Protein chains: 2
Amino acid sequence: MVRQPSVAAQNREPLSRDRIIEAALHIVDGQGLGRLTMRRLGDALEVEAMAIYHHLPRGKEELLDGLVAHVAVHPAPTRAAGDWQAVLRRWAGDYRARLLTHAGVLPLVVTRRNPAALGGTAASLREVLRQAGLTEQAAADGAHALLGYVIGHAALEVRGSAAAEEAVDWDTRFTAGVDLVINGLSRR
Amino acid sequence: MVRQPSVAAQNREPLSRDRIIEAALHIVDGQGLGRLTMRRLGDALEVEAMAIYHHLPRGKEELLDGLVAHVAVHPAPTRAAGDWQAVLRRWAGDYRARLLTHAGVLPLVVTRRNPAALGGTAASLREVLRQAGLTEQAAADGAHALLGYVIGHAALEVRGSAAAEEAVDWDTRFTAGVDLVINGLSRR
DNA sequence: ACCTGAACACCGTTCAAGT
DNA sequence: ACCTGAACACCGTTCAAGT
């Protein structure tokens, strides 16, 4: 006869780093960064908060790093059809959508020291520009200009800096800025 | 004979909103946002933490809003000599310096709903572009493109997204991006 | 190996009380 | 009006203990 598992482990897939980070992201997206606590995260995973430390020994620090990595890691520019301008335009739109979907982690993306995350994104943008014929230096500068713009604009959108301003069409405004940067890169 | 003040009030100027926010900014700049607590702030002001609530009834929320306002409020573009391009270039440099000096508040600037702070900055940039002859729409888009770039790039710098990258000259890289945006605005 | 329970030091905030 | 002291609910994290 099969041994009945303890109540604590009843029919639940075991905890894992990925499952923890996904649950955390779900909390942040739904309730905001301020409500992400180890205890609440434990509840969401149907586990005591302390169990999390077994999978993330560095605790909450490691959890937040994981969120940044999950959101900011480069979805490489799709090397599909179109010239490099179209490739970058498309990447910018996708990356912005990604940031806005997980707006709660934006403050972490912005200031957590996490070289790997944004570094990879910058590198792949640089590569697109290098293949487009820009010098090494111009490609590196351009990659950061575009990445900086996308992140900064997403931040402005999230804050909704309007107020006195009439209703803003953020989509077209964002696109206008992207065109500005890309056109600038085209005629160097 | 002059009455001796109580120990608690000994020769100390009374608490005030401004003094509180300055002390908080000092803590954030020196030790980071994570170490800004009401109790520590009270210590720095030589007062019990609870006294702060008398001047900031909304508590820590109001304190953080105050920090954002103090750092992000528009230092209006200096209407000095030079064409509008020079004016914007100078403003961008100053604003970046301001953000980097108070890097600890960047995550707050990025995501705290605080319309007044960045709204004023965006408005004065828009005005410069409007007077330069851009259409209302182009001026509004351009103002956000520049502001977004400056904030986003400052964020990239703070994170030090390098790592695999050779030593980066952030100053020239930042300037290159500013030129990119401003040149784009010039030849619309 | 994986999780729990109790404990510790520390938060933000309230409220009645002092002056 | 301005500040204090005690208290409350809630943090992140440790550590020994369970299975």
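All values reported here derive from a predicted model rather than from experimental measurement. (Residues numbered from 1 in each chain as written. Chains lettered and ligands numbered in written order. Predicted model: local features only at pLDDT ≥ 70, side-chain atom pairs only at ≥ 80, totals over all residues. Heavy atoms only, no water.)

The interface of chain A with chain B comprises 43 residues on the first partner and 43 residues on the second. Interface area lost by chain A to chain B is led by A:His144, A:Arg159 and A:Leu180, which between them contribute 22%. Inspection of the chain A/chain B interface yields two salt bridges. The shortest N-O distance in the salt bridge between A:Asp141 and B:Arg173 comes to 3.2 Å. (Contact = heavy atoms within 4.5 Å. Buried area = accessible area lost by both parts, 1.4 Å probe. Salt bridge = Lys/Arg side-chain N within 4 Å of Asp/Glu carboxyl O.)

Turning to the UniProt feature "domain: HTH tetR-type" (unreviewed entry) in chain A, a few remarks are in order. Under the UniProt annotation, "domain: HTH tetR-type" (unreviewed entry) lies at residues 20–65 of chain A. Secondary structure across residues 20–65 of chain A divides into 65% helix and 0% strand, with the first and last C-alpha atoms of the span separated by 12 Å. (UniProt positions renumbered as here; feature names shortened; annotations may be inferred. Helix = DSSP H or I, 4+ residues; strand = E, 2+ residues; numbered from the N terminus.)

The next thing to look at is the protein's contact with DNA strand D. Contacts to DNA strand D come from 17 residues, most closely from A:Arg39, A:Tyr53, A:Lys60, B:Glu48 and B:His55. The backbone of A:Met38 places a nitrogen or oxygen atom 2.9 Å from a phosphate oxygen of DNA strand D. At 2.4 Å from a base nitrogen of DNA strand D is found a side-chain nitrogen or oxygen belonging to A:Arg39. Residue assignment for the surface near DNA strand D shows that the elements contributing at least two residues are α2 (38–44) and α4 (59–72) of chain A together with α3 (52–55) of chain B. The element best represented in the surface near DNA strand D is α2(A), accounting for three residues. Across the surface near DNA strand D, the residue classes break down as eight nonpolar, four polar and five charged. (Near = heavy atom within 4 Å. Polar contact = N/O pair within 3.5 Å; in protein donor to acceptor, adjacent residues only side chain to side chain. Nonpolar A, V, L, I, M, F, W, Y, C, P; charged D, E, K, R; others polar.)

This part takes up the nonpolar core. Of all hydrophobic cores here, the largest spans 114 residues; its most connected members are A:Leu67 and B:Leu67. Not counting the four nearest positions on each side in its chain, A:Leu67 is found in contact with A:Ile21, A:Ala24, A:Leu25, A:Val28, A:Leu36, A:Val105 and A:Leu108. (Core = buried A, V, L, I, M, F, W, Y, C linked by side-chain atoms within 4.5 Å. Buried < 20%, exposed > 50% of the residue type's maximum accessible area, 1.4 Å probe, protein only.)

What follows is about the relation of the copies chain A and chain B. With an RMSD of 0.0 Å, the fit of chain A onto chain B corresponds to turning through 180 degrees and sliding 0.0 Å along the axis. Interpreted geometrically, this transformation is the action of a two-fold axis. (Least-squares fit on C-alpha atoms with pLDDT ≥ 70 in both.)

Right, let's get into the protein's contact with DNA strand C. Lining the immediate environment of DNA strand C, one finds 17 residues, of which A:Glu48, A:His55, B:Arg39, B:Tyr53 and B:Lys60 sit closest. In DNA strand C, atoms within 4 Å of the protein come from the sugar-phosphate backbone in 53% of cases. The separation between a phosphate oxygen of DNA strand C and a polar side-chain atom of B:Tyr53 is 2.8 Å. Elements with a minimum of two residues in the surface near DNA strand C: α3 (52–55) of chain A together with α2 (38–44) of chain B. For the surface near DNA strand C, the residue count by class is eight nonpolar, four polar and five charged.

Glancing now at the pattern of salt bridges. On inspection of all chains with the given rule, the structure shows 20 salt bridges over all chains. With a shortest N-O distance of 2.8 Å, A:Glu157 and A:Arg96 are connected by a salt bridge. With A:Glu157 in helix α8 (residues 136–159) and A:Arg96 in helix α5 (residues 84–101), the pair connects residues that are 61 residues apart, well separated along the chain. On the basis of relative accessible area, A:Glu157 is assigned to the buried category, the value being 11%. Judged by its relative accessible area of 11%, A:Arg96 falls in the buried class. The salt bridge involving B:Glu127 is made with B:Arg130; its shortest N-O contact spans 3.4 Å. Of this pair, B:Glu127 and B:Arg130 both sit in helix α7 (residues 115–131), three residues apart, which is roughly one turn of that helix. We classify B:Glu127 as partly exposed; its relative accessible area is 32%. Taking relative accessible area as the criterion, B:Arg130 reaches 36% and is therefore assigned partly exposed.

This brings us to the confidence of the model for chain A. With 89% of its residues at a pLDDT of 70 or more, chain A has an overall mean of 89. Scored below 50 in pLDDT, residues 1–11 of chain A makes zero contacts in the model with residues more than four places away or belonging to other chains. (pLDDT = per-residue confidence, 0-100.)

With that out of the way, let us pick up the domain arrangement of chain A. All names here are of chain A. Segmentation of chain A into domains returns domain 1 (7–57) and domain 2 (73–186). Taking only C-alpha atoms into account, the centre of domain 1 sits 31 Å from that of domain 2. On the domain 2 side, the residues contacting the four residues of domain 1 number six residues. For the pairing of domain 1 and domain 2, the buried interface totals around 370 Å² over both sides, and the portion due to carbon and sulfur atoms is 72%. Our count for the domain 1 to domain 2 interface comes out at zero salt bridges. Where domain 1 touches domain 2, the interface holds one residue pair in polar contact (both at pLDDT 80 or more). Class assignment of the residues belonging to the side of domain 1 that touches domain 2 gives a composition of three nonpolar, no polar and one charged. (Domains from an automatic or database assignment.)

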